[in-house]
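Residue strings, one per chain:
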Amino acid sequence: MEQGVLQDNDIEILLNDLCEVYGYDFTDYSKASIKRRINRLFTIDRFLSFAEFRYRLRFDPDYLKRFVEQITVTVTEMFRDPLFYRALREHILPVLGTYPFIRIWHAGCSTGEEVYSMAILLKEANLLHKSLLYATDINAEVLEKARKGIFPLSQMKQYSENYILSGGKKDFSSYYTASYDKVKLDESLSKKMIFSSHNLVSDHSFNEFQLILCRNVLIYFDKDLQSRVFDLFENSLENLGYLALGSKETLRFSNISQRFKQIDKEKIWRKIA
């Protein structure tokens, strides 16, 4: 092994360890992506050998936690891809508003920016009072951040611009309270949220939803794992429910494509009854 770089066989051994010892199954994640992240961690944490790295992962629970945090993707922002949120606001929420109760699942919610964005849309459509937002992720630390609803003040300018482009008409600052370099989002938003650990690879369906959002997560999975996750989503959606994917993701060539119809160019699909 060249200094500082783990080989494919090393990566495979680590992933098998994680699966056997802890039940974390990363074996079907995109090989190039996970190799890049593991090598980055190996380098920045200055391990001298693969054996030392492997031992630490197997026997140090705190380091395992760090590993999972670093390997899972947490890049997100509020109202990311504003035209997507405009499509939700204009085309999807009016339909969901006809239901007596609305259940929405944010799968792979990361630090929660997307969930809070959705809560704001629902509040402005006067639907939040009859909605429940389930926000799940494999990464316990990002879930805790999401639960707190505290974000850097420095990001609010970008979030406010995104909000306006998504069709927002209010003063975005009315949704948070600023304190020093942080902001806390309004608790009227978070009280309609349930944050929970869920592993898309190994866990099952846990409810029936009218809308599932899983954006920019599946691009890190290989085709077999994507197929399993698509099956999970189909089983978790009511008939005529909606599935929202990221800008580089599609159902078009998937195992469930025949049972869905794309209804918006912003990657929203509807389950055929």
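Quantities reported herein were computed from a predicted structural model and do not represent experimental measurements.

Further remarks concern the overall build of the protein. A count of helical and extended segments in the protein gives ten helices and ten strands. For the protein, whose C-alpha radius of gyration is 20 Å, the value lies close to the compact-globule estimate of 19 Å for 273 residues. The dimensions of the protein, computed from C-alpha atoms along their principal axes, are 60 × 50 × 25 Å. Classification of the 273 residues of the protein by burial places 50% in the buried group. The long-range share in the protein, meaning contacts at least 24 apart out of those at least 6 apart in sequence, stands at 76%. In the structure as shown, the protein presents an accessible area of about 13300 Å², 51% of it carried by carbon and sulfur atoms.

Once rolled over the atoms, a probe with the size of a water molecule shows which space is left empty. Of the volumes computed, that of the second largest pocket is approximately 210 Å³. Around the second largest pocket, the lining residues are L218, I219, K223, Q226, S227, F230, K248, E249, T250, F253, S254 and N255. The residue makeup of the lining of the second largest pocket, split by class, is four nonpolar, five polar and three charged.

Before going further, it helps to spend a moment on the pattern of salt bridges. If you walk through the whole model with that rule in mind, you get 14 salt bridges. We note a salt bridge from E90 to R86, for which the minimum N-O separation is 3.3 Å. With E90 and R86 both in helix α5 (residues 82-96), this residue pair falls four residues apart, about one helical turn. Of the residues examined, E90 reaches a relative accessible area of 42% and is grouped as partly exposed. Residue classification places R86 among the partly exposed positions, given a relative accessible area of 29%. We note a salt bridge from E114 to R215, for which the minimum N-O separation is 3.4 Å. With E114 in helix α6 (residues 113-124) and R215 in the loop between β7 (209-214) and α10 (223-236), the pair connects residues that are 101 residues apart, well separated along the chain. Take E114: its relative accessible area is 9%, and that puts it in the buried class.

Orientation of helix α3 (residues 50-59) relative to helix α4 (residues 61-71), taken along the N-to-C sense of each, is 105 degrees, at an axis distance of 6 Å. Between α3 and α4, the angle falls in the class roughly perpendicular. Residues F53, R56, L57 and F59 of α3 form the contact with α4, whose participating residues are P61, Y63, L64 and F67. Of the residues that constitute the contact of α3 with α4, the class distribution is seven nonpolar, no polar and one charged.

Let us now look at helix α8 (residues 156-165). Along α8, the residues that are buried comprise M156, Y159, N162 and Y163. Buried residues of α8, seen end-on, are gathered within an arc of 120 degrees and therefore sit on one face of the element. What points out from α8, more than 90 degrees from its buried face, is the exposed set K157, I164 and L165. Once α8 ends, the next one or two residues include G167, with phi positive near 105 degrees.

Here three strands make up an open sheet; going across it, the order is β3-β5-β4 and the pairing antiparallel. Only two strands of the sheet have a single neighbouring strand rather than two, namely β3 (150-152) and β4 (176-179). With direction set aside, neighbouring strand axes in the sheet form an average angle of 30 degrees. Pairing of β4 with strand β5 (residues 182-185) involves four bridges; the strand directions are antiparallel. The residue of β5 that forms the bridge with T177 is K184.

Next up on the list: the sheet that holds strand β8 (residues 237-245). With respect to topology, seven strands assemble into an open sheet ordered β6-β2-β1-β7-β8-β10-β9, the strand pairing being mixed. Of all the strands in the sheet, just β6 (193-197) and β9 (260-264) have a single pairing partner and so form its edges. This sheet shows a mean twist of 20 degrees between the axes of neighbouring strands, independent of strand direction. Pairing between β8 and strand β10 (residues 268-271): three bridges, direction antiparallel. Across the sheet, the residue bridging to L243 is W269, located in β10. Contacting β2 (131-137) and β6, helix α7 (residues 140-148) crosses the sheet at an angle of about 170 degrees to β6.

What follows is about the domain arrangement of the protein. Taken domain by domain, the protein consists of domain 1 (8-71) and domain 2 (82-271). Taken together, the 13 residues of domain 1 in the interface contact eleven residues of domain 2. Regarding the contact of domain 1 and domain 2, the summed buried area is about 1000 Å², with carbon and sulfur atoms giving 51% of it. Seen at the junction of domain 1 and domain 2, the total is zero salt bridges. Seen at the junction of domain 1 and domain 2, the total is zero residue pairs in polar contact (both at pLDDT 80 or more). Contributions of two or more residues to the side of domain 1 that touches domain 2 are made by α2 (31-44) and α4. Each residue belonging to the side of domain 1 that touches domain 2 can be placed in one class, and the counts come to four nonpolar, three polar and six charged.

Analysis parameters
Residues numbered from 1 in each chain as written. Predicted model: local features only at pLDDT ≥ 70, side-chain atom pairs only at ≥ 80, totals over all residues. Heavy atoms only, no water. Helix = DSSP H or I, 4+ residues; strand = E, 2+ residues; numbered from the N terminus. Rg over C-alpha atoms; globule rule 2.2 N^0.38 Å. Buried < 20%, exposed > 50% of the residue type's maximum accessible area, 1.4 Å probe, protein only. Contact = heavy atoms within 4.5 Å. Areas by Shrake-Rupley, 256 points an atom, 1.4 Å probe, with all protein chains shown as cover. 1 Å grid on protein atoms, 1.4 Å probe; cavity = no way out; pocket = protein on both sides within 12 Å on 5 of 7 lines; lining within 4 Å. Points joined across faces, edges and corners; volume = space filled by probe spheres on them. Nonpolar A, V, L, I, M, F, W, Y, C, P; charged D, E, K, R; others polar. Salt bridge = Lys/Arg side-chain N within 4 Å of Asp/Glu carboxyl O. Axes fitted to C-alpha atoms, helices over the stretch in contact; angles between N-to-C directions. Parallel < 35°, antiparallel > 145°, perpendicular 65-115°, else oblique. Arc of directions from axis to C-beta. Pairing = 2+ DSSP bridges. Domains from an automatic or database assignment. Buried area = accessible area lost by both parts, 1.4 Å probe. Polar contact = N/O pair within 3.5 Å; in protein donor to acceptor, adjacent residues only side chain to side chain.

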